[in-house]
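Close look at the chain arrangement
Chain by chain, the residues:
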Amino acid sequence: MKKLMNIFMLSCKKATELIEKELSIKLTKTEKFKLHFHVSMCNACRTYKKQSKIIDEALQYHFNEHHTHQSEYISEDFKNIIIKNLKK
Amino acid sequence: MNNLKQESKRSEIVTIWVKQFSDELFSWAFHKTSDRAAAEDLVQETFIASFQAFDNFLNKSSPKTWLLSILNNKINDFHRKRFRSTYKTESHLLKENDNNFYDYFFDDNYKWKDERKPGEWNNSDEILLDDTEFNAVLHNCIDKLPPNCFSIIQLKYINEQEGKDICKELGISQSNYWQILHRAKLQLRECLENNWFKK
């Protein structure tokens, strides 16, 4: 029985890896089943899964919205260099 | 003569664009690369490209949208190149440090170490994606990632590109790809927890 359990039981490292895989590439049926089984019994990985989705959304927003970052400025000198180099 | 006239008209317009949009383009490029010198180069290359491809522009979109699309392509190239150059030099290091890296989070049986277990984020329902302070913390956490993690995260989220396409472009296997993402996520998660959710 214990042996049988081991076949189904993923480590937390492997489980969190599959959670990331699931977000970008499809899981196989076996992987899906194993992950589901692990997450249903492991509190920490359940929490990780929830948070991983939140981070994903935050990253998506962070990288694609223009208003989430501070304004930076280019020097006037550099602007003039760009203008000069245009005509080369 | 006509050509000369067109040429000078073109440079007049692009010169106006430089004055008008270079700060904004630079902010964007700096935000995506965290590298001031690289961001300057990318902005400069963008304007040169816009000057050369001016005939393709034809007022189809706003100049800013057009310039940003050129810049985004250049940013992608930057990350692809950087990924390739750092991945080669890091791949052997990566293997050596593999166990060290995971040992930080997991015990001998690859279960979470007690002190590294993800904690509950009580206020996670309240995070506003457009909260400037939260985004600043997130930005710092992204900056702390090792270069290949940093570049892969950028490539994934800038274009919302399919995983398999990113793998093809970078010449890595799919399993390498999500292993790198996994590493990046483990680090980001802990960094956000310590610097945002615990505060």
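Residues numbered from 1 in each chain as written. Chains lettered and ligands numbered in written order. Predicted model: local features only at pLDDT ≥ 70, side-chain atom pairs only at ≥ 80, totals over all residues. Heavy atoms only, no water.

Considering the overall build of chain A
- In terms of helices and strands, chain A carries five helices and zero strands.
- In chain A, the succession of α and β elements from N to C terminus is α-α-α-α-α.
- The proportion of buried residues among the 88 residues of chain A is 48%.
- Across chain A, every contact between residues at least 6 apart in sequence was considered, and the portion connecting residues at least 24 apart equals 61%.
- In the structure as shown, chain A presents an accessible area of about 5400 Å², 55% of it carried by carbon and sulfur atoms. (Helix = DSSP H or I, 4+ residues; strand = E, 2+ residues; numbered from the N terminus. Buried < 20%, exposed > 50% of the residue type's maximum accessible area, 1.4 Å probe, protein only. Contact = heavy atoms within 4.5 Å. Areas by Shrake-Rupley, 256 points an atom, 1.4 Å probe, with all protein chains shown as cover.)

Comments concerning helix α3 (residues 29-41) of chain A
- In a regular helix each residue adds 1.5 Å, so 13 residues correspond to 18 Å; α3(A) covers 19 Å between its end C-alpha atoms and thus fits that length.
- The inward-facing, buried residues of α3(A) contact α2 (12-24) and α4 (43-64) of chain A. (Expected span 1.5 Å × (residues − 1).)

Here we look at the environment of B:S85
All names here are of chain B.
- Checked against the element boundaries, S85 lands in helix α4 (residues 63-105).
- Spatially, the C-alpha atoms of S85 and N148 are 8.9 Å apart, while their sequence positions differ by 63 residues.
- At 3.2 Å, the side chain of S85 and the backbone oxygen of R82 are in polar contact. (Polar contact = N/O pair within 3.5 Å; in protein donor to acceptor, adjacent residues only side chain to side chain.)

Focus: the interface of chain A and chain B
- Taken together, the contacts link 45 residues of chain A with 59 residues of chain B.
- For the pair chain A and chain B, the two sides together bury roughly 5100 Å², of which 67% comes from carbon and sulfur.
- Our enumeration of links across chain A and chain B arrives at five salt bridges.
- As a salt-bridge pair, A:D56 and B:K185 come within 3.7 Å of each other at their nearest N and O atoms.
- Taken together, chain A and chain B are joined by 18 residue pairs in polar contact (both at pLDDT 80 or more).
- Listing elements by their share of the side of chain A that touches chain B, those giving two or more residues are α2, α4 and α5 (76-86) of chain A.
- Looking at the side of chain A that touches chain B residue by residue, the classes come out as 19 nonpolar, 15 polar and eleven charged. (Buried area = accessible area lost by both parts, 1.4 Å probe. Salt bridge = Lys/Arg side-chain N within 4 Å of Asp/Glu carboxyl O. Nonpolar A, V, L, I, M, F, W, Y, C, P; charged D, E, K, R; others polar.)

Considering the packing of α2(A) against α4(A)
All names here are of chain A.
- Where α2 contacts α4, the two axes come as close as 10 Å, and the packing angle between them is 30°. Overall, the two elements α2 and α4 adopt an arrangement that is roughly parallel. Crossing geometry of α2 relative to α4 is assigned as right-handed. Here α2 contributes C12, A15, T16, I19, E20, E22 and L23 to the contact with α4, which in turn contributes C45, Y48, K49, S52, K53 and D56.
- Classifying every residue of the contact of α2 with α4 gives six nonpolar, two polar and five charged. (Axes fitted to C-alpha atoms, helices over the stretch in contact; angles between N-to-C directions. Parallel < 35°, antiparallel > 145°, perpendicular 65-115°, else oblique. Left-handed = near helix turned anticlockwise from the far one by under 90°.)

Concerning the nonpolar core
- A:L59, B:I153 and B:I172 are the most contacted members of the largest nonpolar core, which totals 35 residues.
- When contributions to this core are tallied by element, the ones reaching two or more residues are α4 of chain A together with α4, α5 (132-143), α6 (147-159), α7 (163-170) and α8 (174-197) of chain B.
- No other element matches α8(B), which puts ten residues into this core.
- Those residues within four positions of B:I153 in sequence are excluded, and the remaining contacts are A:L59, A:F63, B:L145, B:L181, B:A184 and B:L188.
- Core analysis: the second largest hydrophobic core is formed by 30 residues, A:F78, B:W17, B:L42 and B:I158 among them. (Core = buried A, V, L, I, M, F, W, Y, C linked by side-chain atoms within 4.5 Å.)

Regarding the state of the cysteines
- Counted under the stated rule, the structure contains one disulfide over all chains.
- Across the disulfide from B:C141 sits B:C191; the S-S distance is 2.1 Å. Taking the sign of the torsion about the S-S bond as the criterion, the disulfide between B:C141 and B:C191, at about -80°, is left-handed. Of this pair, B:C141 sits in helix α5 while B:C191 sits in helix α8; the two residues are 50 residues apart in sequence, bridging distant segments of the chain. When sorted by exposure, B:C141 lands in the same class as B:C191, which is buried.
- A:C45 supplies the cysteine sulfur nearest to A:C42, a cysteine that is in no disulfide, at a spacing of 3.7 Å.
- A:C42 sits in the buried class, given a relative accessible area of 12%. (Disulfide = S-S within 2.5 Å.)

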